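An overview of the molecular structure
Spelled out from the first residue to the last, the chains are:
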Amino acid sequence: MALPKKLKNFNLFGDGNNWQGQIAEVVLPTLSRKVEEWSGGGMDGTVEIDLGQEKIEMEWTAGGLIAEIFDGYGPVDLDGAMLRFAGAYVRDDTDETVAVELVVRGRHREIEMGTAKNGEDNEIKVVTSCSYYKLSIDGDTIVEIDVPGYVFNVRGEDMLAAKRQALGL
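What you see is a predicted model, and the numbers here were worked out from it, not measured in a lab. (Residues numbered from 1 in each chain as written. Predicted model: local features only at pLDDT ≥ 70, side-chain atom pairs only at ≥ 80, totals over all residues. Heavy atoms only, no water.)

Digging into the side chain of Asp146
Positionally, Asp146 belongs in strand E10 (residues 140–146). An unpaired buried charge is present at Asp146: no salt bridge exists, and Arg105, the closest side chain of opposite charge, is 4.7 Å distant. Sequence-distant contacts of Asp146, that is, excluding residues within four places in its chain, are made with Ser131, Tyr132 and Val151. (Helix = DSSP H or I, 4+ residues; strand = E, 2+ residues; numbered from the N terminus. Buried < 20%, exposed > 50% of the residue type's maximum accessible area, 1.4 Å probe, protein only. Lys, Arg positive; Asp, Glu negative; His and termini not counted. Salt bridge = Lys/Arg side-chain N within 4 Å of Asp/Glu carboxyl O. Contact = heavy atoms within 4.5 Å.)

What follows is the structure, given as structure tokens:
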């Protein structure tokens, strides 16, 4: 029998600030490729042609006011805000703990301060548009994407090496 590794706890850091105990929820980015369907002469069906990386976004919710959030709103450079998610995923049958780290850089595109009502919760929801994404599991880099740097690595394989060479980059 084997049980899945489940997230038991997490923390979020923003531009080096430790927000331990202040983040209610993080919606981790979805990785998605932009594709176009193609069916050419002599083919008996349709395939998808990979046209590159879709936009990467991370959504997260602060349990209350964190003034530093606004530092990442509208920076001049497109990677002006950095977030680091650290999670502990645990298997209950073996007590194996796996460290998961996700680092993104980008801009906070949307900050929703919600409703201000006396005696009520005042969560702040943030959407961060990411130009950089790096997922590490137990210290091993699994996926690294640097959109403006034209980097796309999966488990150490440089997926764009031939294209960069063809472009003279």
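Some details on the nonpolar core
Formed by 28 residues in total, the largest nonpolar core has its most connected members in Leu12, Trp19, Ile23, Met58, Trp60, Ile69 and Tyr133. Taken together, the elements giving at least two residues each to this core come down to strand E3 (23–27), strand E6 (56–62), strand E7 (81–91), strand E8 (97–112), strand E9 (124–137) and E10. (Core = buried A, V, L, I, M, F, W, Y, C linked by side-chain atoms within 4.5 Å.)

Some points on the environment of Pro29
One can find Pro29 in the loop between E3 and strand E4 (33–38). Along the backbone, Pro29 and Ile49 are 20 residues apart, and their C-alpha atoms lie at a distance of 22 Å. In this structure, Pro29 is in contact with Ile56, Glu57, Met58, Leu102, Val104 and Tyr133, ignoring residues within four places of it in sequence.

A short note on the pattern of salt bridges
With the rule as written, the count across this model stands at eight salt bridges. Lys8 serves as the salt-bridge partner of Asp92, at 2.7 Å between the closest nitrogen and oxygen. Of this pair, Asp92 sits in the loop between E7 and E8 while Lys8 sits in strand E1 (residues 5–14), and the two are 84 residues apart along the sequence. Residue Arg109 is joined to Glu57 by a salt bridge in which the shortest nitrogen-to-oxygen separation is 2.1 Å. Of the two residues, Arg109 is situated in strand E8 and Glu57 in strand E6; the sequence distance between them amounts to 52 residues. Classification of Arg109 as partly exposed rests on a relative accessible area of 41%. Put simply, Lys55, Glu57 and Arg109 are held in one network by salt bridges that share partners.

With respect to the packing of aromatic side chains
What describes a pair of aromatic rings is the distance from one ring centre to the other and the angle between the planes of the rings. Under the criterion given, the structure shown has two aromatic pairs. Centre to centre, the rings of Phe10 and Phe85 are 5.7 Å apart; their planes meet at 20 degrees, and the pair counts as stacked. With a gap of 75 residues between them, Phe10 in strand E1 and Phe85 in strand E7 connect regions that are remote in the sequence. For Phe10, a relative accessible area of 25% corresponds to the partly exposed category. Measuring from centroid to centroid gives 5.3 Å for Trp19 and Trp60, while their planes differ by 25 degrees, and the two rings are stacked. Residue Trp19 is located in the loop between strand E2 (17–18) and E3, and its partner Trp60 is located in strand E6; the two are separated by 41 residues in the primary sequence. (Phe/Tyr/Trp six-rings, centres within 6.5 Å; stacked < 30°, edge-to-face > 60°.)

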